[in-house]
2 protein chains.
Amino acid sequence: MMLSRASKYAILSTLYLAEHASENRKISVKVIAESIDVPSPFLAKLFQQLVKGKIISSTKGPNGGFYLTKKNQKKNVLDIIENIDGLNRINECFLGLSECDGTNPCPVHFIVEPFKNSILGKFRDKNIMEFSQEIVSKGRKLTIKDISTEINS
Amino acid sequence: MMLSRASKYAILSTLYLAEHASENRKISVKVIAESIDVPSPFLAKLFQQLVKGKIISSTKGPNGGFYLTKKNQKKNVLDIIENIDGLNRINECFLGLSECDGTNPCPVHFIVEPFKNSILGKFRDKNIMEFSQEIVSKGRKLTIKDISTEINS
DNA sequence: ATATATTAAGACCTTTTTATCTTTTATATA
DNA sequence: TATATAAAAGATAAAAAGGTCTTAATATAT
């Protein structure tokens, strides 16, 4: 019931593309990596995979970079998670039981299950673009930059 | 917002002790490891740490093993998690944002937060013994044994 | 055409987590 | 008191996750 760091990076970066990139304003890994403070070679790998999965698009060369086509914009956050982590990970029992369901539930099953449905709904019901627009309209900042570490540097 | 495998093992094994062990019926790592299908040397390490953390107790030698004292029984599941994973891990933002709270929430903050409170409550409000009794009274089996893998072996 | 900017691909490294093995120590009991 | 049994301690190994680097391919602008 949790995302890998890779998935988190992928989600944040794809949402960044949704907000800032377009077919004629492609953005390079380097720029995104710096904006949301993610290691850029690692993000490059993830983006490669997302391109293969047809969740984002890319072109090489000058003024190249990553962006979302109309089709890409219809994908949702769960597609990103599925592409990077697979669906098993997010569906595993919170306490690690192999057989955990309504008939043989773990002690927290009936707390976890509604949450899982709710968050999976959130990740499925809006497409990337709608999801992004909601974030923008509410003025939210999505960054993993740690302010306290900046003070130390 | 997730438990390590180590924490899961520790929780299940401690609950096993709560149900099956007592001061005059100590149980060895080997027996527990087999019952709930956890690697026994790994569990031995975890138990060492839980003993140091005064969450479970042990005695060496013949008829030795692990068990819970009255004091141990008053500990709760969150104490186990804290001892093995620390509390940071379970408190991290679901999407990995460094600053995620009510004022600058991530897109799923208001879904995750109630869940987190609810599950932390569950892990804190009952002590180990009460938690275990609830499981037993409901006839639940806590195992990570995978039935499908047993067919293959 | 050529130079350049950028992704693609894949090998490689590091850290963390999970798991194992070996030796030492404590203790019950015969 | 000797012996067997079980945990404690710590060294080591394997696997997974996270991260880096180098080279190749390719699209674009000039």
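Rules used in this analysis
Residues numbered from 1 in each chain as written. Chains lettered and ligands numbered in written order. Predicted model: local features only at pLDDT ≥ 70, side-chain atom pairs only at ≥ 80, totals over all residues. Heavy atoms only, no water. Near = heavy atom within 4 Å. Polar contact = N/O pair within 3.5 Å; in protein donor to acceptor, adjacent residues only side chain to side chain. Helix = DSSP H or I, 4+ residues; strand = E, 2+ residues; numbered from the N terminus. Nonpolar A, V, L, I, M, F, W, Y, C, P; charged D, E, K, R; others polar. Contact = heavy atoms within 4.5 Å. Buried area = accessible area lost by both parts, 1.4 Å probe. Salt bridge = Lys/Arg side-chain N within 4 Å of Asp/Glu carboxyl O. Axes fitted to C-alpha atoms, helices over the stretch in contact; angles between N-to-C directions. Parallel < 35°, antiparallel > 145°, perpendicular 65-115°, else oblique.

- With an unreviewed UniProt entry as reference, chain A is termed BadM/Rrf2 family transcriptional regulator, source organism Lutibacter oceani.

Digging into the protein's contact with DNA strand C
Right, so step 1: In the vicinity of DNA strand C, 26 residues are found, and the nearest of them are Lys45, Gln48 and Ser58 of chain A together with Arg5 and Pro62 of chain B.
Right, so step 2: In DNA strand C, the atoms that sit within 4 Å of the protein are 66% sugar and phosphate, with bases accounting for the remainder.
Right, so step 3: One nitrogen or oxygen atom from the side chain of glutamine 48 of chain A is found 2.8 Å from a base nitrogen belonging to DNA strand C.
Right, so step 4: Side-chain polar atom of tyrosine 9 of chain B to a phosphate oxygen of DNA strand C: 3.1 Å apart, as the coordinates give it.
Right, so step 5: Looking at the surface near DNA strand C, the elements with two or more residues in it are α3 (40-52), β1 (57-59) and β2 (65-67) of chain A together with α1 (5-20) and α3 (40-52) of chain B.
Right, so step 6: The dominant element in the surface near DNA strand C, judged by the number of residues it contributes, is α3 of chain A, at four residues.
Right, so step 7: Per-class residue counts for the surface near DNA strand C are eleven nonpolar, ten polar and five charged.

A look at the interface of chain A and chain B
Right, so step 1: The interface is formed by 36 residues belonging to chain A together with 36 residues belonging to chain B.
Right, so step 2: Interface area for chain A against chain B, summed over the two sides, is near 3300 Å², with a carbon-plus-sulfur share of 70%.
Right, so step 3: Our count for the contact surface shared by chain A and chain B stands at zero salt bridges.
Right, so step 4: Applying the counting criterion to the chain A and chain B interface returns three residue pairs in polar contact (both at pLDDT 80 or more).
Right, so step 5: Of all elements in the fold, only α1 (5-20), α7 (109-125) and α8 (128-137) of chain A reach the threshold of two or more residues within the side of chain A that touches chain B.

Some remarks on the packing of α3 of chain A against helix α5 (residues 77-84) of chain A
All names here are of chain A.
Right, so step 1: Following both chains from N to C, one finds α3 and α5 inclined at 110°, their axes separated by 10 Å at the closest point. In this view, α3 runs roughly perpendicular relative to α5, as classed from their interaxial angle. Together, Leu46, Gln49 and Leu50 of α3 and Ile80, Asn83 and Ile84 of α5 make up the contact between the two elements.
Right, so step 2: Class assignment for the residues of the contact of α3 with α5 results in four nonpolar, two polar and no charged.

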